[in-house]
Amino acid sequence: MRTQRSIWQFLWPWVIGFTLLQLGPILFSAGLSFCECTGNDWKQIHWVGWKNYEQLLAIDYSYTITPKDPASWTWLGGRPQNPRFFHALFNTLIYTIMSVPLSLTIALLLAQLLHQPLRGISFFRTAYYLPYFIGGVGTILVWQWMFNPETGWINLSLITGYKMIGQAIGWLGFSLPEWQPPRWLYDPLWCKPALALMDSWSCGGAMLIFLAALCLVPRHLYDAARLEGAGRWTTFRQITLPLISPALLFNIITATITATRTFSDAFLLQHWSQQDGLLLIMIYLYEQAFELPNHWGYASAITWILAAMLLLFSIVSLLLSRRWIYYEVRG
Amino acid sequence: MRWLKLSTALLLTSWLFQELLLSRFQSFDTSTIRLAFYGNYQDYQTWQVILQLFHAQHPEIKIIPEYTPGFGGEYEGRLQRQILAGNTPDLFLLQDESLPYYVDNHLLPLNKLLTPEDLEILTQAWVTTARESLRWDDVQYGVPVSGGCLLIYLNLQALQQAEQIHGPLRLPTDEWTIEQFLQLARQLTLDKDGDGRCEQFGFWHPWWGYFQSFFWSIGADLFDASRSHWVMNGPAAEQAWQLYQDLLCVEKVCPAPGELGQMRQDIAFLSGRVAMVINGPWFIPLVENSSLKGQYRVMPIPRGPGGRWTRLTWDGLVVRKDLPEQIQQEARTFLLFLNSSDVQQVILNSQRFFPPGNTIGKLTVAPPLQPFIEALAYARLHQITPHWKDINKLISRRVSTLLSGKQSVAEFLNELANEPVIRQNYPAP
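Residues numbered from 1 in each chain as written. Chains lettered and ligands numbered in written order. Predicted model: local features only at pLDDT ≥ 70, side-chain atom pairs only at ≥ 80, totals over all residues. Heavy atoms only, no water.

Let us look at the overall build of chain A. Regarding its fold elements, chain A presents 15 helices and 4 strands. The dimensions of chain A, computed from C-alpha atoms along their principal axes, are 75 × 70 × 40 Å. Long-range pairs, those at least 24 residues apart, make up 65% of the contacts in chain A with a sequence separation of at least 6. Carbon and sulfur atoms form 68% of the exposed surface of chain A, whose accessible area is close to 19600 Å². Across chain A, 20 positive and 16 negative side-chain charges occur, with their mean positions spaced 13 Å apart. (Helix = DSSP H or I, 4+ residues; strand = E, 2+ residues; numbered from the N terminus. Contact = heavy atoms within 4.5 Å. Areas by Shrake-Rupley, 256 points an atom, 1.4 Å probe, with all protein chains shown as cover. Lys, Arg positive; Asp, Glu negative; His and termini not counted. Charge placed at Lys NZ, Arg CZ, Asp CG, Glu CD.)

Written out as structure tokens, the structure reads:
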């Protein structure tokens, strides 16, 4: 009895905080998603039922899709009533597909590199983890400068590299065709890869989890594999990957959720020349909620659709993971 | 011991929520007026001087300034949160474009605060555009404080650079035309070393809203006079948008996105990378405090088949709808005080805006501001509608495709007219 009371004594500040700052707003936004509320006046809230959801998700299947229409319409099989919402959703999907594998691959490679018994390895581990928590507006602006098509370091390096290859090929009597480097953040096609590249820079969090998982892989398994004559790739595929699969699953789910919730990077890097290429779902949500004429109900509905999609993704991932995940690691 | 824990917890909780608690008490404090405004540091200083003058004349009235640094978004975001929290400032600065979004639920019409005589005196003292800017459905909602119109700044050092190549160039006259403007923009665009990259551009490609003055000069407009029909179509509209597209995509007299790095318009102009920019009087202090002082000229928007125009906006003070009766008299006094020549002079002295009074000629105007005052004669307000913010976002989005060169002007205008917000609310006449 006394123990239970002690538990509650420790818990109540958190329970109050959670109820006031998380559960309350969650329930409020759920209710708000069924209402129409504009004009910054709580007195002007009207119950509209599922209207916000219908407006967001309705698709006109009678519409004949033309080649000029966005690719996402072909996927949907018709014209969405709110094309911008689907455009944002499509952008988010593409960005997530680019960003998650890229950042996790880099994180895993780094974790493998940093899982070496070298002198001073802690320094490198810290150095590679640093970008994870020093990210922010300043970092984004530096990346923006690096991605500049005319003066940025990335394109200047690409051009120099291309020229060097051209010179080398020239000695052999061949020549390279004229090539223009990507315009990155000023191009509707390249802006998403640019953002994905930028975000992979802060893969330190995933790297740390992979590193911890790698440390748990028993050494004797590698020794046995070596005795059996397994190569590096086979060892990685047959031993390392299955044994770090729980960490991989965790990283996939968290990275997907993080990518779907990307806001500040895309918001700061937006430019008209991208033609809404970086209109991610969180940016669309922000536009609806926080820019005049503030469609609070509509924005809340977007949040819940997004939450439902992420929940579905997590459940499917967890169900599918039973086929490939391996939980038998012991230190 | 338990009481000690409880009181510590309460103390910590109240410290956490101090902002909220304070704002509650503040809203019930009826002895003072809360005045919200925005702008840069110079605007802040201007308001400080106005408030000092007011407090010197009316020590019995206390006005607490609530300043938000920056423009538009940050300020309106804060304002919206205050409104939602029931903590609306008593008086707040609003740009004319935002008026329709606040009129219905949040603003007190001036005829409910001021006597008919006072209102008459005030409105008669303002220039017509100032009076109309904060008026909605024939009801005056705001007292205009400061305004600005758009003109073209020309960097004379950049002109000299162009003269080294093209020989002496004629400076534009006040009556210059769009063709002459285009010709000058071409001449001011320089690729000195012939590497295909321009060191100097003739013109900064402006946001479409800033380019509206050109639209009007060509004879195009968004809405008809009643603001109920969409009229941005036909030859004049096509010609206007064609010019907007060509400046970037065909003439290439403007830097393409990223061509000048992350350089902003003001820096590009001050550094001479761009020779001409459209900007308002708020740009004057920056230019005057740079090495370009005396090395620039301000010219009108060029004349076209539709005449000569410039886009004008006004910022003014509006009154919150449920202003407590106890401070209505104080608010009235302050609003009438804003019309005094002292305040008008303070605004003129800032050199960032001009005041709304129609007796501006009797005040001292700094020479750099003079062209903007003269432009008032042909300045016009942008046609504000209840859907202005949505339409602005819509056009800005659609413009990106137009400026990518992947869409013709006719397609652009057709798609624009078919957007639901335009088609449903502003059908073609």
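The rest of the description comes next.
The next point concerns the environment of Ser 341 of chain B. Here Ser 341 of chain B is to be found in helix H15 (residues 341-350). Once the C-alpha coordinates of Ser 341 of chain B and Thr 359 of chain B are considered, the two residues, 18 residues apart in sequence, prove to be 8.7 Å apart.

Between chain A and chain B, the residue contacts involve 31 residues of the former and 28 residues of the latter. For the interface between chain A and chain B, the tally reads 3 salt bridges. For Lys 393 of chain B, the salt bridge identified is with Glu 291 of chain A, shortest N-O distance 3.3 Å. For the side of chain A that touches chain B, the elements supplying multiple residues, two or more each, are helix H1 (2-32), helix H6 (137-146) and helix H14 (281-290) of chain A. Counting residues per element, the side of chain A that touches chain B draws most heavily on H1 of chain A, which supplies 3 residues. For the side of chain A that touches chain B, a count of residues per class yields 12 nonpolar, 11 polar and 8 charged. (Salt bridge = Lys/Arg side-chain N within 4 Å of Asp/Glu carboxyl O. Nonpolar A, V, L, I, M, F, W, Y, C, P; charged D, E, K, R; others polar.)

What follows deals with the nonpolar core. In terms of nonpolar packing, the biggest core is built from 137 residues, with Trp 241, Met 276 and Phe 334 of chain B touching the most fellow members. Taken domain by domain, this core gets at least three of its residues from each of domain 1 (23-148 + 312-381) and domain 2 (151-311 + 386-425) of chain B. Here Trp 241 of chain B is in contact with Trp 208, Phe 215, Met 232, Ile 395, Val 399, Leu 402, Val 409, Phe 412 and Leu 413 of chain B, once residues within four sequence places are set aside. By size, the runner-up hydrophobic cluster in this structure holds 61 residues, among which are Leu 114, Ile 154, Leu 211 and Leu 269 of chain A. (Core = buried A, V, L, I, M, F, W, Y, C linked by side-chain atoms within 4.5 Å. Buried < 20%, exposed > 50% of the residue type's maximum accessible area, 1.4 Å probe, protein only. Domains from an automatic or database assignment.)

Bringing unusual backbone geometry into the picture now. Located in the positive-phi region is Asp 276 of chain A, a residue other than glycine, with phi close to 65°. The topology assignment puts Asp 276 of chain A in the loop between helix H13 (264-269) and H14. By relative accessible area, Asp 276 of chain A is classed as partly exposed at 22%. One non-glycine residue with positive phi stands out, namely Gln 351 of chain B, at about 60°.

Okay, the pairing of strand E1 (residues 32-39) of chain B next. All names here are of chain B. Where burial is concerned, most of E1 is hidden: 8 out of the 8 residues are buried. Burial along E1 is two-sided: the face carrying Thr 32, Arg 34, Ala 36 and Tyr 38 and the face carrying Ile 33, Leu 35, Phe 37 and Gly 39 are both buried. By the bridge criterion, 8 bridges tie E1 to strand E2 (residues 62-69) in an arrangement that is parallel. Bridging from a neighbouring strand, Ala 36 pairs with Glu 66 of E2. Where the polypeptide runs from E1 across helix H3 (residues 41-57) and back to E2, its parallel neighbour, the crossover connection is right-handed. As paired strands, E1 and strand E3 (residues 91-95) are joined by 2 bridges and run parallel to one another. (Pairing = 2+ DSSP bridges. Right-handed = clockwise from strand over helix to strand, strands pointing away.)

What follows is about the domain arrangement of chain B. Interface size, as often reported, equals the accessible area lost upon joining of the parts. Residue and element names in this part refer to chain B. Structurally, chain B comprises domain 1 (23-148 + 312-381) and domain 2 (151-311 + 386-425). Measuring from the centre of the C-alpha atoms in domain 1 to the corresponding centre in domain 2 gives 30 Å. Facing the 24 residues of domain 1 at the interface are 24 residues of domain 2. Between domain 1 and domain 2, roughly 2100 Å² of surface is buried when both sides are summed, and carbon and sulfur atoms account for 63% of that area. Among the salt bridges present, the one from Arg 311 reaches Glu 97, with a minimum N-O distance of 2.7 Å. Counting only elements with at least two residues in the side of domain 1 that touches domain 2, the list comes to helix H5 (99-106), strand E6 (142-149), strand E11 (310-319), helix H16 (370-375) and strand E12 (379-381). Its residues assigned to classes, the side of domain 1 that touches domain 2 shows 13 nonpolar, 7 polar and 4 charged. (Buried area = accessible area lost by both parts, 1.4 Å probe.)

Helix packing for two helices is described by the angle between their axes and how far apart those axes are. All names here are of chain B. Orientation of helix H8 (residues 156-166) relative to helix H9 (residues 178-188), taken along the N-to-C sense of each, is 80°, at an axis distance of 9 Å. Classed by the angle they form, the pair H8 and H9 counts as roughly perpendicular. Taken together, the residues of H9 that come into contact with H8 (itself represented by Ala 158, Leu 159, Ala 162 and His 166) are Leu 184, Gln 187 and Leu 188. Grouping the amino acids of the contact of H8 with H9 by side-chain chemistry returns 5 nonpolar, 2 polar and no charged. (Axes fitted to C-alpha atoms, helices over the stretch in contact; angles between N-to-C directions. Parallel < 35°, antiparallel > 145°, perpendicular 65-115°, else oblique.)

To describe a pair of aromatic rings, one takes the distance between the centres and the angle between the planes. Applying the stated rule across the entire model yields 57 aromatic pairs over all chains. Judged by centre distance (5.6 Å) and plane angle (55°), the ring pair of Tyr 129 of chain A and Phe 133 of chain A falls under tilted. Linking Tyr 129 of chain A with Phe 133 of chain A, this pair stays in helix H5 (residues 121-134), spanning 4 residues, or about one helical turn. Judged by its relative accessible area of 22%, Tyr 129 of chain A is partly exposed. Overall, the relative accessible area of 53% leaves Phe 133 of chain A in the exposed class. On the basis of an interplanar angle of 25° and a centroid distance of 6.4 Å, the ring pair of Phe 334 of chain B and Phe 337 of chain B is categorised as stacked. Linking Phe 334 of chain B with Phe 337 of chain B, this pair stays in helix H14 (residues 328-337), spanning 3 residues, or about one helical turn. Over the face of the ring belonging to Tyr 378 of chain B we find Arg 308 of chain B, whose NZ or CZ atom lies 4.2 Å from the ring centre. (Phe/Tyr/Trp six-rings, centres within 6.5 Å; stacked < 30°, edge-to-face > 60°. Lys NZ or Arg CZ within 6 Å of the ring centre and 35° of its normal.)

So, on to H3 of chain B. One turn of an α-helix holds 3.6 residues; hence residues three or four places apart share an orientation. Residues and elements named next belong to chain B. Compared with the 24 Å implied by 1.5 Å per residue over 17 residues, the 25 Å span of H3 between its first and last C-alpha is a close match. For H3, the complete set of buried residues consists of Asp 43, Thr 46, Trp 47, Ile 50, Leu 51 and Phe 54. The buried side chains of H3 occupy one side of the element, clustering within an arc of 130° when seen end-on. For H3, the exposed residues lying more than 90 degrees away from the buried face are Tyr 41, Gln 52 and Ala 56. The opening residue of H3 is Asn 40, an N-cap whose side-chain oxygen sits 3.0 Å from the backbone nitrogen of Gln 42. (Expected span 1.5 Å × (residues − 1). Arc of directions from axis to C-beta. Polar contact = N/O pair within 3.5 Å; in protein donor to acceptor, adjacent residues only side chain to side chain.)

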